[in-house]
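Each chain is listed here by its residues.
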Amino acid sequence: MQHLLNQLARLNDQKIGDNKIYSFLPYRKGAKEFDYDVVGCNVLSTLMGKHVKKNFSFEKYKTQCLDHLKDKLSDPDVLVDLEEMYFSDATIAKTAPEFLLLRSQEKCNTSTKYLIDLFRGFVSQGASQLDFDSGMNFIERIFLDILSQNLQEPRVQPTEACYLPFVAENFRRDVLFLSKHPDYFLDQLTSCIELYTFIYCSQLGLNIKNWTNGEVPSSKPLYFILDTEKASSERTLVMKGGYRSVAPRMADVFPILSMLEYLNNDSTVPKEPLWAFANAVRSTSAEQHDVVFAEVSKFAEEFRKKRKLHPTNRKPSNAIECMQQLTTYGIKQFDKSAKGDRHSVNATYIKFFETGVANNFIQARGRSSKVLVVNQDFLLLLTNLAIANRSPLRFQTLLAEFQSRGFYFDKSSQQALINFYERVGNVDRMSDSGDAVYVRNTI
């Protein structure tokens, strides 16, 4: 905690420049489409504690494998068939999870690299050696042995703490469960990454202003309907607690995180969330609190003058209120009425959330306008992850697991969920009551 207070005490050493963001959000101005496949391969690499050696390419690997087999085969034509079978279109990467490591070194855009860093942070705490039971044949085991000779320990150190530990914990538990089912892992890893990218970003928006008590963030209500359901303006939770709940909050994410960059001014330690700074301030001595109070006050006033903003009506009486004042200035500078093009810059972040992160979870529904939806593919994945090894799971417990992952459903959607499970055939109904309905996973 002391290093956080020290950074606050050095706040006035910072030069107030343009608004920039380097951490806690997987996209920046000019963001490109994520390559969720490559992200998944890098997540696997981190979980396995291994990555492909630098400069070891797929072509080198292919050559080593075919050279190894060449002297052992009596019929040269078989080698041609094996090359076509395993190395045409990198098919070998779809054979078993371990071979996905070959794709972790693929070139990708900057946005994908940011997302890789975010997910590495999710799984870097307590990384474990995964042991897949992939059922390989003897040729695939030879290929795996050759790959293993070209792996090394990763040297990547986390540069930031996780802003939403509850999301990271759920993701790590879910992906470890997936790893116990190699075929399902191969089939669903990319969707799992996309699902959790949306969960993280939407919950970040809902939690971004809840930092003053210094407590670790938790899942906030966000209501969805199934994509087969009709949206009605009479469904209050869906209308007010869904898209309309998260969309305005996303406007505060870039302003607050760019302001947080000033607080994280020690490059020798991982960057910390705003709630961690608040926790440090609330836990410190009165003497050190006064030092922080004075420094943050001075910096907030300098920032206000630099951005030519009107002062807030209420004068802060402690360091937490002063930090609130600073974040308020950070948000106000992006108002439409503010000078310059800052509002349009923030608008690009808001737009990318809708088009690049949440595009598969937002639908326009006529008079009901935009609502949050979950399609059947994501719903089945979410259901299997939530149930995990506890199949069958009581329906109400399943709903609680959904909520812990940021998915909330009103009564109408809960009935639609049961109807959906009955069509799939993975439900055991003991009575007409939801308390006596049990859902099985479909793996």
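Just above, that's the structure.
Here goes a summary of the coordinates provided. (Residues numbered from 1 in each chain as written. Predicted model: local features only at pLDDT ≥ 70, side-chain atom pairs only at ≥ 80, totals over all residues. Heavy atoms only, no water.)

**A short note on the overall build of the chain**
- From N to C terminus, the chain includes 18 helices and eight strands.
- Relative to the globule expectation of 22 Å for 443 residues, the C-alpha radius of gyration of the chain, 25 Å, shows essentially globular dimensions.
- A principal-axis box enclosing the C-alpha atoms of the chain has dimensions of 85 × 60 × 40 Å.
- Counting only residues that meet the buried cut, the chain has 51% of its 443 residues in that class.
- If you take every contact in the chain between residues at least 6 apart in sequence, the share linking residues at least 24 apart comes to 78%.
- Per element, the accessible surface of the chain, about 21200 Å² overall, is 47% carbon and sulfur.
- For the chain, the distance from the average site of its 55 positive side-chain charges to the average site of its 52 negative ones is 9 Å. (Helix = DSSP H or I, 4+ residues; strand = E, 2+ residues; numbered from the N terminus. Rg over C-alpha atoms; globule rule 2.2 N^0.38 Å. Buried < 20%, exposed > 50% of the residue type's maximum accessible area, 1.4 Å probe, protein only. Contact = heavy atoms within 4.5 Å. Areas by Shrake-Rupley, 256 points an atom, 1.4 Å probe, with all protein chains shown as cover. Lys, Arg positive; Asp, Glu negative; His and termini not counted. Charge placed at Lys NZ, Arg CZ, Asp CG, Glu CD.)

**Quick notes on helix α15 (residues 342-357)**
- With 16 residues, α15 extends 22 Å between its outermost C-alpha atoms, agreeing within 8% with the 22 Å of an ideal straight helix rising 1.5 Å per residue.
- Of all the bends found along α15, the most pronounced is centred on K351 and spans about 25 degrees.
- Taken residue by residue, α15 has V345, N346, Y349, F352, F353, E354, G356 and V357 as its buried positions. (Expected span 1.5 Å × (residues − 1). Bend = angle between axes of the 7 residues up to and from the residue.)

**A few points about the packing of helix α8 (residues 182-207) against helix α10 (residues 243-250)**
- At a minimum axis distance of 8 Å, the contact between α8 and α10 shows a crossing angle of 75 degrees. The pairing of α8 with α10 is recorded here as roughly perpendicular in orientation. On the side of α8, the interface is formed by C201, S202, G205 and L206, while α10 contributes S245, V246, R249 and M250.
- Of the residues contributing to the contact of α8 with α10, the split by class is four nonpolar, three polar and one charged. (Axes fitted to C-alpha atoms, helices over the stretch in contact; angles between N-to-C directions. Parallel < 35°, antiparallel > 145°, perpendicular 65-115°, else oblique. Nonpolar A, V, L, I, M, F, W, Y, C, P; charged D, E, K, R; others polar.)

**Re the environment of A9**
- Mapping A9 onto the fold places it in helix α1 (residues 2-9).
- For the pair A9 and H289, spaced 280 residues apart in the sequence, the C-alpha separation amounts to 9.7 Å.
- Those residues in contact with A9 that sit more than four places away from it in its chain are V291 and E295.

**Here's the deal with the sheet that holds strand β5 (residues 370-374)**
- Spatial strand order, β3-β5-β4: three strands in an open sheet with mixed pairing. At either end of the open sheet lies a strand with only one pairing partner, and these are β3 (225-226) and β4 (362-364). (Pairing = 2+ DSSP bridges.)

**Examining the sheet that holds strand β8 (residues 437-439)**
- Strand order in the open sheet made by the three strands is β6-β8-β7, with antiparallel pairing throughout. Every other strand in the sheet has two partners, leaving β6 (393-394) and β7 (427-429) as the edge strands with one partner each.
- By the bridge criterion, two bridges tie β6 to β8 in an arrangement that is antiparallel. Residue pairing in the sheet places R394 in a bridge with Y438 of β8.
- Those strands touched by helix α18 (residues 411-424) are β7 and β8, and its axis lies near 110 degrees from that of β7.

**Considering unusual backbone geometry**
- Note the cis peptide between S391 and P392, where omega equals 0 degrees.
- With respect to the helices and strands, the residue P392 is situated in the loop between α16 (376-387) and β6.
- Of note in the backbone geometry, D89 takes a positive phi value of approximately 55 degrees without being a glycine.
- Positionally, D89 belongs in the loop between α4 (76-87) and α5 (110-124).
- We classify D89 as exposed; its relative accessible area is 70%.

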